[in-house]
Amino acid sequence: MRRHPAKSMMRMWLSGLMLAMLLGGCASPSPIPPEGQALLARGQLEEALIRMESALRDNPNNAELRLAVAQIRERIMARQLQQLQAESEQRELARRQQAEGAPVAVEKPPRGGLDKPINVDFKEATLNQVCQVLFRTAGLNFVFDKEVRTDQTISIAMRRTPVREVLALILRSQQLEQHYINADTVMIYPNTPGKAREYQPLSVRSFYLTNIDAKSAAATLRTILKARDLVADEKQNVVVMRDTPEAIRMAEKLLAVHDKPEPEVMLEVEVLEVKRSRLQELGLLWPSSLMLSPLASTSGGALSLKDLIASPKSSMAASFPSFGINARAENGDTNLLANPRIRTRNREIAKIMIGDRVPNITTTSTATGFVAESVQYIDVGLKLDVQPTIYLDNEVAIRISLEVSNIVNQTQTKSGTLAYQIGTRNASTVLRLKDGENQVLAGLISDEERASGARVPGLGDLPMLGRLFGSKRDEGQKTELVLSITPRLVRNNRRPGIEQSEFSIGPEAALRPLAQDMSYFTEAVPATTPPTIPAPGVVQ
């Protein structure tokens, strides 16, 4: 039955007036404790009721105390009814606005009885008495398991603590547990494995993961939360968990922190190889040899040594190289530029190869005469391996391995196959750069100088005139390799806040959060509305 708000206000006002007249009109010493009067004057009705009931137990036949306790209860009930009526009207307004398509503006409801801070001071009180006080304070109904002893004594003193935490601490100190049957009914049972399986509700939740592996996520939940049942579906990348609602909410918060996209970076690489060659050859080419050979005899017979010594000059043939002049100069500049851009994930190796694959033939023969040839390909050119490590402060550590190779010479084996002589230059280092910072690696220089000459013995050693009796060749080649690299972050993770990276899970024997209000995360499991936890309310 719904009460009219005006009548409730009038009745509460009259009750307060009668109580004030009762408390202030007596000239004789009042049995009402002064602490209760002070609490009542400040509007702390629940605390005043506790003091009044304590005084009533000492004077059970005092009519003045009984009337004061009844009127305080009436005021508490009237205030609770007003709160319920305000909440009902607000829900009705939100429903109407949603039906009309208007934006819903819902105010935050006032804290319920379980969230209200209270002061308690129990000394050798039984469990039944404590539950009666909490019933009057928060409007909770209690159901006890048959194995729960309600005559257990409890001593506890707390100030400004929510009713929910007071109840949890009292039950934990007595090796008891609680289970909410509905919004305002609590089942209290012994904290034993058998009773936990009987009363503790279980839920099943499927976590659809986006970035981390399902097998790794299941191992994390099993280690941190001691989850009961976990199934990792690697094909769909889903983790299915069966556990208590508290453990599932903690698993959701834990996965929301870990299921982040992998950081990525774009590496802009420039490789420049500068080669300079110089050749200068100047001088006179004098004949370096003279060859004499006898002419064939007229008789057609073979020449003997006696005939060769006795032969006249006219029967001897002479040959020597021609005379010439060398005057040549050559200069060459070669620039080889590679400008690759490669995108890679965090801690993944990216490889760049610019060049040719040269075949290297290997011949194998057996004792039976069978000959087999195998071909192996060798990479010749520019090879670059980079492995980035991306940090949360937008810095990138890059492990670089650079190799530049070219074919220097070819050698032909006895079997006719070609073998290649390959020259290489390697550089390996680790850098740590900021986003967009450029770094140039230089100094890989190869400098080669060659000088050769040919001259007439004796005459070629004369100063100043020696160049007229010889030729000189000067050759030089210088190669420098320059590497420029610039990291540009494509995506990076942000450091999570303390409210996300740290949360309480309660004691190891029973994992649970210390409070029901936990942050809602949608990164691990997207949802349209955040999950709500039914909080015990106050219904009269």
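What comes next is a walk through the structure. (Residues numbered from 1 in each chain as written. Predicted model: local features only at pLDDT ≥ 70, side-chain atom pairs only at ≥ 80, totals over all residues. Heavy atoms only, no water.)

## As for the sheet that holds strand β4 (residues 176–182)
1) Next: Overall, mixed pairing links the 3 strands, which are arranged β2-β5-β4 in an open sheet. Both outer strands of the open sheet, β2 (141–144) and β4, are each paired with one neighbouring strand and no more. Shown here is a sheet whose adjacent strand axes are inclined to one another by a mean of 30°, direction ignored.
2) Next: With 4 bridges connecting them, β2 and strand β5 (residues 185–190) associate as parallel partners. Directly across from F142, in β5, lies its bridge partner V186.
3) Next: Together, β2, β4 and β5 form the strand contacts of helix α5 (residues 127–138), whose direction differs from that of β2 by roughly 155°.
4) Next: Of the strands in this sheet, β2, β4 and β5 are in contact with helix α6 (residues 163–173), which crosses β4 at around 135°. (Pairing = 2+ DSSP bridges. Helix = DSSP H or I, 4+ residues; strand = E, 2+ residues; numbered from the N terminus. Axes fitted to C-alpha atoms, helices over the stretch in contact; angles between N-to-C directions. Contact = heavy atoms within 4.5 Å.)

## So, unusual backbone geometry
1) Next: Even without being a glycine, K226 presents a positive backbone phi close to 50°.
2) Next: One non-glycine residue, N394, lies in the positive phi region at around 60°.
3) Next: You can see N394 is positioned in the loop between β15 (371–390) and β16 (395–412).
4) Next: Given the relative accessible area of 40%, N394 is considered partly exposed. (Buried < 20%, exposed > 50% of the residue type's maximum accessible area, 1.4 Å probe, protein only.)

## Comments concerning a nonpolar patch on the surface
1) Next: Residues I361, V375 and Y377 make up a contiguous nonpolar surface patch of roughly 270 Å² in combined accessible area.
2) Next: Examined against the element boundaries, V375 turns out to sit in strand β15. (Patch = residues over 30% accessible without salt bridge, like charges linked within 9 Å, V, L, I, M, F, W, Y side chains within 5 Å. Areas by Shrake-Rupley, 256 points an atom, 1.4 Å probe, with all protein chains shown as cover. Salt bridge = Lys/Arg side-chain N within 4 Å of Asp/Glu carboxyl O.)

## Thoughts on the sheet that holds β16
1) Next: Here 4 strands make up an open sheet; going across it, the order is β14-β15-β16-β17 and the pairing antiparallel. Each edge of the sheet is formed by a strand with only one pairing partner; in this case those strands are β14 (350–365) and β17 (418–434). Here the strands of the sheet are splayed against their neighbours by 20° on average, with no regard to which way each runs.
2) Next: By the bridge criterion, 17 bridges tie β16 to β17 in an arrangement that is antiparallel. In the strand pairing of β17, S401 is matched with S428.

## Digging into the packing of aromatic side chains
Remark: the centre distance and the inter-plane angle together describe each pair of aromatic rings, the angle taken between the planes.
1) Next: Throughout the structure, instances matching the rule amount to 1 aromatic pair.
2) Next: Relative to Y199, the ring of Y189 lies with its centre 4.9 Å away and its plane at 25°, an arrangement referred to as stacked. Placement of Y189 in strand β5 and of Y199 in helix α7 (residues 193–199) is noted, with a sequence separation of 10 residues between them.
3) Next: Overall, Y199 belongs to the buried group, its relative accessible area being 17%.
4) Next: In this structure, R432 is placed above the aromatic ring of Y391, and the distance from its NZ or CZ to the ring centre is 3.9 Å. (Phe/Tyr/Trp six-rings, centres within 6.5 Å; stacked < 30°, edge-to-face > 60°. Lys NZ or Arg CZ within 6 Å of the ring centre and 35° of its normal.)

## Some points on the pattern of salt bridges
1) Next: Under the definition given, this model contains 19 salt bridges.
2) Next: As a salt-bridge pair, D145 and K195 come within 3.3 Å of each other at their nearest N and O atoms. Remark: K195 occurs in helix α7 and D145 occurs in the loop between β2 and β3 (153–162); sequence separation between them is 50 residues. Residue D145 shares its accessibility class with K195, and that shared class is buried.
3) Next: Close ionic contact of E198 with K195 constitutes a salt bridge, the shortest N to O distance being 3.7 Å. One end of the pair is E198 and the other is K195, both in helix α7 and 3 residues apart, which spans about a single turn.
4) Next: Residue class for E198 comes out exposed when judged on its relative accessible area of 51%.
5) Next: Residues participating in the shared-partner salt-bridge network are D145, E147, K195 and E198.

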